[in-house]
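Spelled out, the chains give:
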Amino acid sequence: MIHPKHVLQTLQIRARKKWGQNFLVHENNVKSIFEFAHPSPKTNILEIGPGLGAMTQVLCAHAKKYIGVEYDPILFGYLQETYKNSNTLFIHQDILETKLEDIFPGEKFEVVANLPYHITTPILDHLLTQRSRIQNMTLLLQKEVVDRIIAKAGSKTYGRMSVWIQSLCNVEKGPVLKPGCFYPQPDIDSQVIRLTPLDVQIDEKFLAFIRILFQKRRKTLGRILKDQDLSTTNVQADYLQLRPEDLSIDQLKEIFKKTL
Ligand code: SAM
């Protein structure tokens, strides 16, 4: 694998911070992310932000059809020139503007991405609101975000992100990557996570309810419900003394139903 620094030099560009560009440097990291993703044989794969293509060749070789959505015009041109397989398509677009139902019309697909960290939450939101045809998503994120996603009630990192993602997906943690695995080096550790959407219907109002609760995470549930003019009559009395961060997802779902 050619070091990204040299490819960027050849292209006469620098890594763009505004597009969250931190490129994978080592082949062994590509291998471990791919092994953790273990996409199904002959599956469709969407890669968000293929960049200089660190993961692209291995994904194209495995996929029935591979689509890479890259926002940087120069990297998009480079990818098109470099990876000319018959099953491979690059789209020059902002992933947040990309309608996922147009990507693999009528077919399911798996997502693999080393995400631009500054837009992690909007991308997760974008993927999860259109999750019906996504089989699973293997994502490289800031480790701090992964800690929040996997946290359980009562822990410091438990919050809206934990409840939101765990309500919608089965979550598996993968390898941790140190800053030295990237060029340029980020300031933080990164971690791979695999999200498999659950076959559940989640009321969007539940997610809005959770957002409100965790905005006031230091207040008791009783106080928050009162402030929001929500009924506490049917809510179990001992829950009202607790803070949102102490309530499990099942308890929060139960409370939500009682406030309707
Ligand atoms: N996949 C490459 C790797 O692992 O070496 C690059 C990962 S880099 C962290 C993030 C990539 O996402 C960059 O190539 C960047 O240009 C691209 N990107 C940033 N914002 C994007 C957006 N809104 N839509 C699509 N791609 C984007």
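Residues numbered from 1 in each chain as written. Predicted model: local features only at pLDDT ≥ 70, side-chain atom pairs only at ≥ 80, totals over all residues. Heavy atoms only, no water.

## Quick look at the domain arrangement of the protein chain
Right, on to step 1. For the protein chain, the assigned domains read domain 1 (4-197) and domain 2 (204-259).
Right, on to step 2. Once you take the C-alpha centre of each, domain 1 and domain 2 turn out to be 34 Å apart.
Right, on to step 3. Between domain 1 and domain 2 lies a buried interface of about 980 Å² when both sides are counted; carbon and sulfur atoms form 66% of it.
Right, on to step 4. Considering only the surface of domain 1 that becomes buried against domain 2, Tyr158, Arg160 and Val163 emerge as the three largest contributors, covering 52% of it.
Right, on to step 5. Seen at the junction of domain 1 and domain 2, the total is zero salt bridges.
Right, on to step 6. Remark: the boundary between domain 1 and domain 2 carries four residue pairs in polar contact (both at pLDDT 80 or more).
Right, on to step 7. The class makeup of the residues in the side of domain 1 that touches domain 2 is four nonpolar, six polar and two charged. (Domains from an automatic or database assignment. Buried area = accessible area lost by both parts, 1.4 Å probe. Salt bridge = Lys/Arg side-chain N within 4 Å of Asp/Glu carboxyl O. Polar contact = N/O pair within 3.5 Å; in protein donor to acceptor, adjacent residues only side chain to side chain. Nonpolar A, V, L, I, M, F, W, Y, C, P; charged D, E, K, R; others polar.)

## Focus on the packing of aromatic side chains
Right, on to step 1. One pass over the full model with this rule turns up seven aromatic pairs.
Right, on to step 2. Plain terms: the ring middles of Trp19 and Tyr71 are 5.8 Å apart, the flat faces sit at 70° to each other, and that makes the pair edge-to-face. In this pair, Trp19 is assigned in the loop between helix H1 (4-11) and strand E1 (23-24) and Tyr71 in the loop between strand E3 (65-70) and helix H4 (73-82), connecting sequence segments 52 residues apart.
Right, on to step 3. Plain terms: the ring middles of Phe209 and Phe256 are 5.4 Å apart, the flat faces sit at 50° to each other, and that makes the pair tilted. Of this pair, Phe209 sits in helix H9 (residues 204-215) while Phe256 is found in helix H12 (residues 249-259), placing the two residues 47 residues apart along the sequence.
Right, on to step 4. One aromatic cluster is present, built from ring pairs that chain together Tyr66, Tyr83 and Phe90.
Right, on to step 5. Note that Lys18 overlies the ring of Trp19, its terminal NZ or CZ placed 4.6 Å from the centroid. (Phe/Tyr/Trp six-rings, centres within 6.5 Å; stacked < 30°, edge-to-face > 60°. Helix = DSSP H or I, 4+ residues; strand = E, 2+ residues; numbered from the N terminus. Lys NZ or Arg CZ within 6 Å of the ring centre and 35° of its normal.)

## A short note on the pattern of salt bridges
Right, on to step 1. For the structure on display, the rule yields 12 salt bridges.
Right, on to step 2. We note a salt bridge from Lys84 to Glu81, for which the minimum N-O separation is 3.8 Å. Summarising the burial analysis for this pair, Lys84 and Glu81 share the class exposed.
Right, on to step 3. The salt bridge involving Lys143 is made with Asp147; its shortest N-O contact spans 3.2 Å. Of the two residues, Lys143 and Asp147 are both situated in helix H7 (residues 143-150); the distance of four residues between them amounts to about one turn of the helix. (Buried < 20%, exposed > 50% of the residue type's maximum accessible area, 1.4 Å probe, protein only.)

## Some words on the environment of Ala151
Right, on to step 1. Residue position: Ala151 is located in the loop between H7 and helix H8 (160-168).
Right, on to step 2. Ala151 sits in the buried class, given a relative accessible area of 6%.
Right, on to step 3. C-alpha of Ala151 to C-alpha of Val163: the two residues are 12 residues apart in sequence and 8.7 Å apart in space.

## A look at the packing of H8 against H9
Right, on to step 1. One way to put it is that H8 packs onto H9 with a least axis distance of 9 Å and a crossing angle of 160°. Relative to H9, H8 is oriented roughly antiparallel. Crossing geometry of H8 relative to H9 is assigned as right-handed. Contacts between H8 and H9 involve Arg160, Val163, Trp164 and Ser167 from the first element and Phe206, Leu207, Ile210, Arg211 and Phe214 from the second.
Right, on to step 2. Its residues assigned to classes, the contact of H8 with H9 shows six nonpolar, one polar and two charged. (Axes fitted to C-alpha atoms, helices over the stretch in contact; angles between N-to-C directions. Parallel < 35°, antiparallel > 145°, perpendicular 65-115°, else oblique. Left-handed = near helix turned anticlockwise from the far one by under 90°. Contact = heavy atoms within 4.5 Å.)

## Comments concerning the nonpolar core
Right, on to step 1. One finds Leu46, Ile48, Leu139, Ile165, Phe206, Leu221 and Leu252 to be the most contacted residues of the largest nonpolar core, which totals 51 residues.
Right, on to step 2. A total of six residues in this core trace back to one element, the largest contributor, which is H9.
Right, on to step 3. If you count residues domain by domain, this core takes at least three from each of domain 1 (4-197) and domain 2 (204-259).
Right, on to step 4. Excluding its chain neighbours within four sequence positions, the residues that come into contact with Ile48 are Val69, Ile95, Val111, Val112, Ala113, Asn114, Leu115, Ile123 and Leu127.
Right, on to step 5. Among the nonpolar cores identified, the runner-up in size contains 23 residues, and Ile33, Phe76, Tyr83 and Tyr117 belong to it. (Core = buried A, V, L, I, M, F, W, Y, C linked by side-chain atoms within 4.5 Å.)

## Some words on the pairing of strand E6 (residues 134-142)
Right, on to step 1. Counting buried residues along E6, eight of its nine residues qualify, which places the element largely inside the surrounding structure.
Right, on to step 2. Following the backbone out of strand E5 (residues 109-114), through helix H6 (residues 120-129) and into the adjacent parallel E6, one traces a crossover that is right-handed.
Right, on to step 3. Sheet topology note: the E6/strand E9 (residues 190-197) ladder contains six bridges and is antiparallel. Each residue of the ladder has a partner; that of Leu141, found in E9, is Gln191. (Right-handed = clockwise from strand over helix to strand, strands pointing away. Pairing = 2+ DSSP bridges.)

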